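# Per-entry structural report
In case you want the letters, here they are:
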Amino acid sequence: MQRKVTKAVFPVAGMGTRFLPATKSVPKEIMTLVDRPLIQYAIDEARAAGITEFIFVTSRGKGALEDYFDRAPDLEATLKAKGKTELLELVQATNMDSGAIAYVRQNQALGLGHAVWCARHLIGDEPFAVLLPDDVIAADKPCLAQMVDAYAETGGNMIAAMEVAPEMASSYGIMDVPPSIGRVLPMQGMVEKPAPGTQPSNLAAIGRYILSPDVMRHLGDIKPGVGGEIQLTDAIAREIAEKRNVYGYRFDGHRYDCGSKAGFLQATVAFGLARAELGPELERFLSDMMAQRQAAE
Ligand code: UTP
């Protein structure tokens, strides 16, 4: 029996430079996909996987994120007085129980690995999940829940894996795995942003992880890697070398890279089309627009 994963780390201390000037005052994680902030999708996915303790690694200027999860007594009272029950329920569903969320500060953006390491005292000696809210995953069964089920069989460490085009491999952490069509892929190594043509496979790690406390310990030891940052990939590579207990997990679902403008726009269209009250109108608009563009060519 594996130990249950009940804690999740959400690294949200990055500067979000790709969305400047918006991110000058609005944390990227609060930007809305249709009508919900990015972070809400990650929280819902974590909850669906059995997570009960939520640890945010934040930085200066992320106050709006903390307020978002707090109660909003004035707003709730107004909605109640006006009889807007549905909206009231919607707002109340975003409130997190007192003590369920903890915030730790990363006071210098030294990389994703460093951000995760900032949560070490709250994680202690337990397995934990890491969710990057930039990666939004549309799936029938939420991605982390799929991974938790697989992890119950394997233990060790598990990382969401996605096929990428060879020319994109140098933008990701790439897994060294034997050729396989299975979902669970024992990893022989992992390399962060490999030079073009040197990638060990086309399977990229994306922002969902289940990690052991050993990986947290490695994070405290390793030196800065690619880009001068403390890389989570390097700590995972060390764990593979020492124990061979790291698995890629080819999840079922579609991942949108909402850390990039193109990915965010694609996700907005896809999630808009999937909504019953918006989909038909949006679809008409998109097809009219495409027809106009084609006519103009
Ligand atoms: P990104 O590489 O997307 O960086 O980080 P970023 O700062 O968010 O965005 P850009 O590239 O400047 O537009 C991936 C994830 O790791 C977190 C980010 O908040 C994001 O969730 N991160 C990154 C940290 O928490 N701390 C860091 O030092 C670096």
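Being a predicted model, the structure only gives us computed values, none of them experimental. (Residues numbered from 1 in each chain as written. Predicted model: local features only at pLDDT ≥ 70, side-chain atom pairs only at ≥ 80, totals over all residues. Heavy atoms only, no water.)

## Things to note about the overall build of the protein
What the protein contains, in helices and strands, is eleven helices and 14 strands. A compact globule built from 297 residues should have a C-alpha radius of gyration of about 19 Å, and the protein, at 20 Å, falls within 12% of that. Considering the protein as a whole, with its 297 residues, one finds that 47% of them fall into the buried category. Long-range pairs, those at least 24 residues apart, make up 74% of the contacts in the protein between residues at least 6 apart in sequence. With an accessible surface of roughly 15,300 Å², the protein has 54% of that area assigned to carbon and sulfur atoms. Positive and negative side-chain charges in the protein, numbering 31 and 37 respectively, have mean positions lying 4 Å apart. (Helix = DSSP H or I, 4+ residues; strand = E, 2+ residues; numbered from the N terminus. Rg over C-alpha atoms; globule rule 2.2 N^0.38 Å. Buried < 20%, exposed > 50% of the residue type's maximum accessible area, 1.4 Å probe, protein only. Contact = heavy atoms within 4.5 Å. Areas by Shrake-Rupley, 256 points an atom, 1.4 Å probe, with all protein chains shown as cover. Lys, Arg positive; Asp, Glu negative; His and termini not counted. Charge placed at Lys NZ, Arg CZ, Asp CG, Glu CD.)

## Focus: the site of the ligand
Near the ligand there are 16 residues, and of these Pro-11, Met-15, Thr-17, Lys-28 and Gln-106 occur at the shortest range. Protein burial of the ligand: of its 570 Å² of free accessible surface, 82% is covered by the chains. Taken together, the residues of the shell around the ligand break down into eight nonpolar, five polar and three charged. (Near = heavy atom within 4 Å. Nonpolar A, V, L, I, M, F, W, Y, C, P; charged D, E, K, R; others polar.)

## Here's the deal with the packing of helix α10 (residues 261–274) against helix α11 (residues 279–296)
The geometry of α10 relative to α11 is characterised by a closest axis approach of 7 Å and an angle of 130° between their N-to-C directions. Relative to α11, the element α10 lies oblique. On α11, the residues touching Val-269, Gly-272 and Leu-273 of α10 are Gly-279, Leu-282, Glu-283 and Leu-286. Of the residues contributing to the contact of α10 with α11, the split by class is four nonpolar, two polar and one charged. (Axes fitted to C-alpha atoms, helices over the stretch in contact; angles between N-to-C directions. Parallel < 35°, antiparallel > 145°, perpendicular 65-115°, else oblique.)

## A few points about the state of the cysteines
Evaluation of the coordinates by the stated rule reveals zero disulfides. Not engaged in a disulfide, the cysteine Cys-143 finds its nearest cysteine sulfur in Cys-258; these two sulfurs lie 14 Å apart. Look at Cys-258 and you get buried, because its relative accessible area is 0%. (Disulfide = S-S within 2.5 Å.)

## Remarks on the nonpolar core
Counting 41 residues, the largest nonpolar core has Phe-10, Phe-54, Phe-56 and Leu-144 as its most contacted members. Where this core is concerned, the elements lending two or more residues are β1 (7–11), α1 (38–48), β4 (53–58), β6 (128–131), α7 (143–154), β8 (157–163), β12 (203–211) and β13 (246–250). Per element, the largest residue contribution to this core is seven residues, and it comes from α7. Excluding its chain neighbours within four sequence positions, the residues that come into contact with Phe-56 are Phe-10, Val-12, Ile-39, Ile-43, Leu-65, Phe-69, Ile-101, Ala-102, Tyr-103 and Val-104. Core analysis: the second largest hydrophobic core is formed by 33 residues, Ile-123, Ile-159, Met-190 and Ile-222 among them. (Core = buried A, V, L, I, M, F, W, Y, C linked by side-chain atoms within 4.5 Å.)

## Considering the environment of Ala-109
With respect to the helices and strands, Ala-109 occurs in the loop between β5 (101–105) and α5 (112–117). A C-alpha to C-alpha distance of 28 Å links Ala-109 and Glu-163, two positions 54 residues apart in sequence.

## Considerations on the pairing of β13
Taking burial as the measure, the five residues of β13 include five buried ones, the bulk of the element. A two-sided burial pattern is seen for β13, the buried positions comprising Val-246, Gly-248 and Arg-250 on one face and Tyr-247 and Tyr-249 on the other. Note: β8 against β13, five bridges, orientation parallel. Residue Ala-161 lies in a different strand from β13, and its bridge partner there is Arg-250. Sheet analysis places strand β10 (residues 184–186) next to β13, joined by three bridges and oriented antiparallel. Each bridged residue has a counterpart across the sheet, and for Pro-186 the counterpart in β13 is Tyr-247. (Pairing = 2+ DSSP bridges.)

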